[in-house]
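For reference, the chains in residue letters:
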Amino acid sequence: MTQTPEQAAQKPLTLALSKGRIFEETLPLLAAAGIEVPENPEQSRKLILPTTDPGLRLIIVRASDVPTYVQYGAADLGIAGKDVLIEHSAEHPGGLYQPIDLNIAKCRLAVAVREGFDYRAAVHQGARLRVATKYVQAAREHFAAKGVHVDLIKLYGSMELAPLVGLADAIVDLVSTGNTLRANNLVAVEDIMPISSRLIVNQAALKTRGARLQPLLDAFARASA
Ligand code: ATP
Ligand code: PRP
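Now for a description of the structure that goes with this document.

Rules of the game
Residues numbered from 1 in each chain as written. Chains lettered and ligands numbered in written order. Predicted model: local features only at pLDDT ≥ 70, side-chain atom pairs only at ≥ 80, totals over all residues. Heavy atoms only, no water. Near = heavy atom within 4 Å. Polar contact = N/O pair within 3.5 Å; in protein donor to acceptor, adjacent residues only side chain to side chain. Areas by Shrake-Rupley, 256 points an atom, 1.4 Å probe, with all protein chains shown as cover. 1 Å grid on protein atoms, 1.4 Å probe; cavity = no way out; pocket = protein on both sides within 12 Å on 5 of 7 lines; lining within 4 Å. Sits in = over half its atoms within 2 Å of the grid points. Nonpolar A, V, L, I, M, F, W, Y, C, P; charged D, E, K, R; others polar. Domains from an automatic or database assignment. Core = buried A, V, L, I, M, F, W, Y, C linked by side-chain atoms within 4.5 Å. Buried < 20%, exposed > 50% of the residue type's maximum accessible area, 1.4 Å probe, protein only. Helix = DSSP H or I, 4+ residues; strand = E, 2+ residues; numbered from the N terminus. Contact = heavy atoms within 4.5 Å. Pairing = 2+ DSSP bridges. Axes fitted to C-alpha atoms, helices over the stretch in contact; angles between N-to-C directions.

**Here's the deal with the site of ligand 1**
Lining the immediate surroundings of ligand 1 are 15 residues, of which Arg21, Arg62, Ser64, Asp83 and Lys134 lie closest. Separating an oxygen atom of ligand 1 from a side-chain N or O atom of Arg62 is a distance of 2.7 Å. One of the backbone nitrogen or oxygen atoms of Ala105 is found 3.3 Å away from a nitrogen atom of ligand 1. For ligand 1, whose accessible area on its own is 620 Å², the fraction buried by protein is 78%. The pocket occupied by ligand 1, as judged from atoms lying within 2 Å of grid points, is the largest pocket. Residue classes in the shell around ligand 1 are distributed as 7 nonpolar, 3 polar and 5 charged. Among the domains, domain 1 (5-106 + 196-224) and domain 2 (107-195) are the pair contributing at least three residues each to the shell around ligand 1.

As structure tokens, this is what we get:
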């Protein structure tokens with residue numbers, strides 16, 4: 001059933017985000033806007049969470065699904081890592097407005113190899129590297145810009161395993177403390193880019209619900225500066 005413009009204007013704003021670090025690091029930003037979230041998605045199995053602001057509700061989705069919910073307008077706005085946004089925009093160019101770097105969930109995207117693997121020599125010799133990653137688009141752009149020939153192998157997680165069992169020479173993965181690399185005898189050999197999470201906004205919502213959205217965008221911008 002289609003909604004009248006009046007009904008659409010009444011609906012609460014919907015903010016899409018993933019549980020875990022993004023949810024945890026978003027709570028202080030919401031608090032700065034005077035908004036609390038009474039339920040914790042780690043304990044509750046609910047996927048739609050009310051907030052203390054009747055005009056705002058949260059939906060809990062996989063990190064890599066956040067841009068999809070926002071792009072199609074099922075959520076008015078969302079919070080997603082730059083890593084996720086790069087991969088999403090490769091398949092769905094345009095369509096998402098990214099007004100604010102929230103400076104949360106900070107890490108970096110890097111190339112890593114097994115300790116003892118001579119990455120520089122391999123690159124210098126023009127060898128064709130096998131690179132396993134969840135971040136195919138970012139990896140493709142990085143190696144193309146360097147003129148390094150790579151065969152990319154798409155994985156969905158636990159990339160650190162790939163060089164240890166001969167699936168790949170290198171991985172492209174997120175690094176924060178470096179503990180995961182160290183625990184698996186891997187070393188970072190090249191930084192690709194710093195990563196943080198961004199607020200993303202549905203283009204149509206910005207036009208039709210701008211007056212409702214703006215105070216929240218302003219509060220997020222102030223809290224993350
Ligand atoms: P999915 O559930 O779709 O597979 P995911 O497991 O990568 O995604 P999270 O681990 O919650 O989801 O990560 C969410 C975002 O947090 C990532 O997209 C990235 O931007 C950032 N991130 C990932 N790992 C770290 C880390 N170790 N430290 C800081 N930020 C990180
Ligand atoms: C992320 C990432 C690395 C790890 C890096 O995984 O994929 O494996 O963090 O962080 P570190 O340098 O501090 O060890 P995460 O902890 O999110 O687990 P996941 O792969 O299950 O998402």
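**Looking at the site of ligand 2**
Every residue lining ligand 2 is accounted for by Arg21, Glu160, Asp173, Leu174, Val175, Ser176, Thr177, Gly178, Asn179 and Thr180. With respect to ligand 2, the side chain of Thr177 contributes an N or O atom lying 2.5 Å from an oxygen atom. For ligand 2, an oxygen atom lies 2.4 Å from a polar atom in the side chain of Thr180. Compared with its free state, where it exposes 500 Å², ligand 2 has 59% of that area covered by protein. With respect to the pocket detection grid, ligand 2 is positioned in the largest pocket. Class assignment of the residues belonging to the shell around ligand 2 gives a composition of 2 nonpolar, 5 polar and 3 charged.

**Observations regarding the nonpolar core**
Of all hydrophobic cores here, the largest spans 31 residues; its most connected members are Leu109, Val111, Phe143, Ile171 and Val172. Taken together, the elements giving at least two residues each to this core come down to strand 6 (107-114), helix 5 (119-124), strand 7 (129-133), helix 6 (136-146), strand 9 (170-175) and strand 10 (186-195). Among residues more than four places away in sequence, those in contact with Ile171 are Ala110, Val111, Ala112, Val131, Ala132, Met159, Glu160, Ala162, Pro163, Leu181 and Leu186. Core analysis: the next-biggest nonpolar cluster, separate from the first, contains 26 residues, Leu29, Leu30, Val201 and Phe220 among them.

**Section: the sheet that holds strand 8 (residues 150-154)**
What the 5 strands build is an open sheet, ordered 8-7-9-6-10; its pairing is mixed. In this open sheet, the two edge strands, each paired with only one partner strand, are strand 8 and strand 10. Each adjacent strand pair in this sheet contributes to an overall mean axis angle of 30°, direction not counted. Against the sheet, helix 6 contacts strand 6, strand 7, strand 8, strand 9 and strand 10, and its axis sits at roughly 100° relative to strand 10.

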